[in-house]
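An overview of the molecular structure
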Amino acid sequence: MLVLGIETSCDETSAAIADEQGQVRAVVVASQLQLHQPYGGVVPELASRQHSRDMARVVAETFSQAQCTWDDIGGVAATYGPGLMGALLVGLNYAKAAALARQCPFIGINHLEGHLIAPELNHHPMPKPFIGLVASGGHTSLYLVQGEPLARYELLANTRDDAVGEAFDKVAKLLGLPYPGGPAIEKAARQARGTLPRFSLPRMKDGSLEFSYSGLKTAVRTLVDRKKKNGESLDIPEIAAAFQKTIVEDLLQKTMAHMERHHARGMVLTGGVAANQALREAFARVMAGRNLPFFSPPIKWCTDNAAMIAVAGAKRLMAGQRSEWDLEAVPNAKLA
Ligand code: KG4
Ligand code: ZN
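Thresholds applied
Residues numbered from 1 in each chain as written. Chains lettered and ligands numbered in written order. Predicted model: local features only at pLDDT ≥ 70, side-chain atom pairs only at ≥ 80, totals over all residues. Heavy atoms only, no water. Donors = N, O, S within 2.8 Å, 3.2 Å for Na, K, Ca; no water. Helix = DSSP H or I, 4+ residues; strand = E, 2+ residues; numbered from the N terminus. Buried < 20%, exposed > 50% of the residue type's maximum accessible area, 1.4 Å probe, protein only. Pairing = 2+ DSSP bridges. Phe/Tyr/Trp six-rings, centres within 6.5 Å; stacked < 30°, edge-to-face > 60°. Contact = heavy atoms within 4.5 Å. 1 Å grid on protein atoms, 1.4 Å probe; cavity = no way out; pocket = protein on both sides within 12 Å on 5 of 7 lines; lining within 4 Å. Points joined across faces, edges and corners; volume = space filled by probe spheres on them. Nonpolar A, V, L, I, M, F, W, Y, C, P; charged D, E, K, R; others polar. Axes fitted to C-alpha atoms, helices over the stretch in contact; angles between N-to-C directions. Salt bridge = Lys/Arg side-chain N within 4 Å of Asp/Glu carboxyl O.

**As for the coordination of the zinc ion (ligand 2)**
Note on the zinc ion (ligand 2): its protein donors are H111 (NE2), H115 (NE2) and D304 (OD). The metal-donor distances range over 2.1 Å. Counting gaps between the donor residues of the zinc ion (ligand 2) yields the pattern H-x3-H-x188-D. You can see H111 sitting in helix α4 (residues 111–116) and its partner D304 sitting in the loop between α11 (299–302) and α12 (307–318), a full 193 residues away along the chain. Judged on exposure class, the residue H111 and its partner D304 are both buried.

Structure follows, in structure tokens:
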């Protein structure tokens, strides 16, 4: 059986075809990066419209790459949330209509489960329970993943305000760097000479190990404003490096605390921010020091794609799960 997966939760229109063993036959991703670039962030209305334009073409290209036809498809999976309402609706309704027309089973997949299935998508065995950190423009979510063959997910920590990628994007804007901010900050940080300003993160009053980056963004803004007011020049590489270092240390320290608390046997880092080399290296170093397996997928599997949805869908369909035809798009869908 082949499964068609569809993903349109944010600004990537993607389709993929996977087989029942979770082998990806083809995946096509149409990125809207250039469309949203002038606005410094994703514009929801524009995203949905572009998904509508691209959806059918992306699916046709996926079939062509996989060298198969609709007759080979035994199930359809689509992201139902979390994500942007209008964007989700395009992919979800396309998938339902396709499954209905083909009279094959349909399943809605939580986008975060897609990200957390990264080890399987890459045929990289991971001992359970493991901790999975989804760090992207929309999420900073830490999960305990356990159970076979279908995983169960427990949300351990979330962001209280800005997602980590959002913080990169906003700070880049403050520094006059282009969108998306993550790669721009990482590049600037490489030029830093080491006399970094110090940023500290607020300690959670209740001692919780959740994430919060809006205070850090404000600290950068205050520094930038002060320098401008005093007529001083902005040392962008130094500020970028200090910001990035603060984030890397915070993510690492909280993740390690959760790992110890839950006796996790491994760690998975995924989402767009996992493209950050400093972050990957810091995690890889600490995990190696503790002799714990660490996995971060190749960058193309860190960012949004339908391969992860097709593989998660194939697993659930094989286990006999189905979604109802009235499954709604849920912008703040929880994963449990
Ligand atoms: O997963 P993704 O492609 O889309 C969302 O689901 O949000 O993640 C995009 C986010 C953006 O905020 C971008 O600035 C960030 O990931 N990002 C990075 C890097 N590359 C992308 N953040 C830090 N360092 C990077 N190298
Ligand atoms: Zn995502």
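After presenting the structure, the write-up continues.
**Considering the sheet that holds strand β6 (residues 130–135)**
If you trace the 5 strands from one edge of the open sheet to the other, you get β8-β7-β6-β9-β10, paired in mixed fashion. Of all the strands in the sheet, the pair left with one neighbour each is β8 (152–157) and β10 (294–295).

**A few points about the packing of aromatic side chains**
Taken as a whole, this structure holds 5 aromatic pairs when the rule is applied. With a centroid separation of 6.4 Å and an interplanar angle of 25 degrees, the aromatic rings of F211 and Y213 are classed as stacked. The buried category is assigned to F211, whose relative accessible area is 0%. Between the aromatic rings of F283 and F294, the centroid separation amounts to 6.1 Å while the plane-to-plane angle is 10 degrees, which identifies the pairing as stacked. Within this pair, whereas F283 is found in helix α10 (residues 277–289), its partner F294 is found in strand β10, the two being separated by 11 residues in sequence.

**Here's the deal with the side chain of T8**
Counting through the fold element by element, T8 comes out in the loop between β1 (2–7) and β2 (12–19). Excluding its chain neighbours within four sequence positions, the residues that come into contact with T8 are T13, H51, M55, A87, L88, V90 and G91.

**Looking at the layout of surface pockets**
Gaps left between atoms are located by rolling a probe of water-molecule size over the structure's atoms. In this model, the largest pocket occupies a volume close to 1,100 Å³. The wall of the largest pocket is formed by 38 residues, among which S136, G137, G138, D169 and Y179 lie closest to the centre. Those elements that place two or more of their residues in the lining of the largest pocket are α4, α6 (164–174) and α7 (181–189). A per-element tally of the lining of the largest pocket places α6 first, with 6 residues. Lining the second largest pocket are 19 residues, with S200, L201, T246, D250 and Q253 positioned closest to its centre. The residue makeup of the lining of the second largest pocket, split by class, is 8 nonpolar, 5 polar and 6 charged.

**Remarks on the sheet that holds strand β4 (residues 73–81)**
Strands sit in the order β3-β2-β1-β4-β5 across an open sheet of 5 strands; the sheet is mixed. Two strands in the sheet have a free side with no partner beyond their single neighbour: β3 (24–31) and β5 (106–110). The average undirected angle you get between the axes of adjacent strands in this sheet is 20 degrees. Where β4 meets β5, 5 bridges bridge the pair, whose relative direction is parallel. What sits directly across from V76, in β5, is F106. Lying over the sheet, helix α2 (residues 44–66) contacts β1, β2, β3 and β4, oriented at roughly 30 degrees with respect to β2. Sitting on the sheet, α12 is in contact with β1, β2, β3, β4 and β5, with an inclination near 125 degrees to β5.

**Let's talk about the pattern of salt bridges**
The final tally for this structure, using the stated rule, is 19 salt bridges. Taking the shortest distance from any N to any O, the salt bridge between R57 and E61 comes out at 3.3 Å. You can see R57 and its partner E61 sitting in helix α2, 4 residues apart, about one turn around the helix. Owing to a relative accessible area of 42%, R57 belongs among the partly exposed residues under this scheme. By relative accessible area, E61 is classed as partly exposed at 34%. Of the charged contacts in the structure, one is a salt bridge between D250 and K254, with a shortest N-O distance of 3.0 Å. One end of the pair, D250, and the other, K254, are both in helix α9 (residues 236–261), 4 residues apart, so they sit about a helical turn from each other. Each member of the pair, D250 together with K254, is buried.

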